[in-house]
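In case you want the letters, here they are:
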Amino acid sequence: MKVLVVGGGGREHALCWKISKSPLVTAVYCAPGNVGISNHASCVDIKVTDIDSLVRFAKAEEIELTIVGPEIPLSLGIVDRFEEEGLNIFGPNQAAAEIESSKAYSKNLMKKYDIPTAFFSTFDDYNEAVNWVKEVKPPLVIKADGLAAGKGVIICHTEEEAIGVLDDIMNSKIFGDSGNQVVIEEFLQGEEVSFIAFTDGENVVPLESSQDHKALLDGDQGPNTGGMGAYSPAPIVTPELHAAIMNQVMIPTVEAMKAEGREYKGILYAGLMINGSDIKVLEYNCRFGDPEAQPLLMRMRSDIVPLIREISTGGVAKGEIQWYDDASVCVVMASKGYPGDYKKGFKIHRINDVDNMEGVLVFHSGTSRDDEHIVANGGRVLGVTALGSNIPDAINAVYKAVNYIDNDSLYFRTDIGKKALKYI
Ligand code: AMP
Ligand code: GLY
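Residues numbered from 1 in each chain as written. Chains lettered and ligands numbered in written order. Predicted model: local features only at pLDDT ≥ 70, side-chain atom pairs only at ≥ 80, totals over all residues. Heavy atoms only, no water.

Concerning the site of ligand 1
The immediate surroundings of ligand 1 are formed by 14 residues, with K143, E185, L188, E192 and E283 found nearest. E185 is positioned such that a nitrogen or oxygen atom in its side chain is 2.7 Å from a nitrogen atom of ligand 1. About the coverage of ligand 1: the protein hides 94% of its 470 Å² of free accessible area. Among the elements of the structure, β7 (140–144), β9 (182–186) and β17 (278–285) are those that each provide at least two residues to the shell around ligand 1. (Near = heavy atom within 4 Å. Polar contact = N/O pair within 3.5 Å; in protein donor to acceptor, adjacent residues only side chain to side chain. Areas by Shrake-Rupley, 256 points an atom, 1.4 Å probe, with all protein chains shown as cover. Helix = DSSP H or I, 4+ residues; strand = E, 2+ residues; numbered from the N terminus.)

Given below as structure tokens:
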């Protein structure tokens, strides 16, 4: 089977690596891909938003299965277009992807179907939003309704700060049309968990638990990023909590989407806040997490392709995914300055040496080639990922690898996985 993966970050590198190992697959293509991906797939120079060209490519190459990594093409309706053209594709259609592309939509869905989430209100009028902020006590969280690359959520500690943020989003439009509407919600205490599952629109097949580190700096300080590292499994997710997440969140969400006439097929990712036995949904994503995909796919023993093919062809998602017992930790190495302005074009050394270390893989997020050198070409540059017999071992292994690659232009957190240690 010929497979096309759409995307070009660390998540897509991990997907191409995993898919290329499937005995069912004869060729993997990736659009646009990156330098690391080109070790496992033929990279095709088509942007993820250029759906017409992706359709033409899939037809010309007789691609039998297309897998979409990022949210943007899903929110633009890539699945609808491919299906209209009779092409097989994995992911939610545009209406179902609204679970991620509109926070107002997902919050109202949760309210209607009693799926636990923070108390909230939505506004498209600045003055009404300001009045509400004056009524409820900070801290509170303001979220631009639409997609904003993980940057559209701002935690406000004072009323003045909240009003300033509303002005930036709703009047100055710092996130463009994504800020036409805002969600304002209560600030939740607790620990975050990423819960990711496959679904055929009815059945839910969960992956193992994982935890992202969204803040830039150690100790979860500093601005939010796309994710600075992740590990799996997340020991905070006990078997009891896992069952509760399935029963309170995952299954009701899939049922709710079906009841709304927006049957949800693909990967459903719930970002959760856990406080003791209390579970609340912070957000949904309509795709694999990045960087969560890197440690999860490295731990996955089962072939991922049969389940994806089954769902994309209208079959039933059943069975359990098998996992290696090892834990896995992924540390993102970013260009210094990210998530603000950052340098590009500097050389990165020793990647191949690290890739050859036992139990370590270097997934590329933002790299390109300059003559024979690999150079940085994005904010998040690499996702160094290691297996270990337990989380402390995986932490030791990953930081040994990261320190080997480290240079003056790269930045990484030094505490990825540390939060897990208190549970083991
Ligand atoms: P979201 O894109 O909605 O998941 O928000 C991005 C990040 O902001 C989350 O991963 C949390 O770290 C934080 N966040 C979002 N909503 C809340 C909330 N209600 N309370 C506390 N932190 C939140
Ligand atoms: N790691 C968070 C995300 O993929 O949105």
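Notes on the packing of helix α5 (residues 94–101) against helix α6 (residues 103–112)
In the contact formed by α5 and α6, the axes pass within 6 Å of each other and the chain directions differ by 95 degrees. Classified by the angle their axes make, α5 and α6 are roughly perpendicular. Packed against α5, whose contacting residues are E98, I99 and S101, the element α6 presents K103, Y105, S106 and L109 at the interface. Along the lines of polarity and charge, the residues of the contact of α5 with α6 split into 3 nonpolar, 2 polar and 2 charged. (Axes fitted to C-alpha atoms, helices over the stretch in contact; angles between N-to-C directions. Parallel < 35°, antiparallel > 145°, perpendicular 65-115°, else oblique. Contact = heavy atoms within 4.5 Å. Nonpolar A, V, L, I, M, F, W, Y, C, P; charged D, E, K, R; others polar.)

Regarding the pairing of strand β20 (residues 360–364)
With 5 of 5 residues buried, β20 is to be regarded as a mostly interior element. Every second residue of β20 is oriented toward a common face, with V360, V362 and H364 on one face and L361 and F363 on the other, all of them buried. Where β20 and strand β23 (residues 380–388) come together, 5 bridges link them in antiparallel fashion. Bridging across to β23, V362 finds its partner in V384. (Buried < 20%, exposed > 50% of the residue type's maximum accessible area, 1.4 Å probe, protein only. Pairing = 2+ DSSP bridges.)

As for helix α9 (residues 239–259)
Taking 1.5 Å as the rise per residue, α9 with 21 residues should run 30 Å; its terminal C-alpha atoms sit 28 Å apart, in good agreement. A bend of about 40 degrees at M246 is the largest found in α9. Taken as a whole, α9 has its buried residues at L241, A244, I245, M246, V249, M250, P252, T253, V254, A256 and M257. Packed against the buried residues of α9 are α5, α6, β10 (191–199), β11 (204–206), β16 (266–275) and β17. Phi turns positive, to about 75 degrees, at G261, one or two residues after α9. (Expected span 1.5 Å × (residues − 1). Bend = angle between axes of the 7 residues up to and from the residue.)

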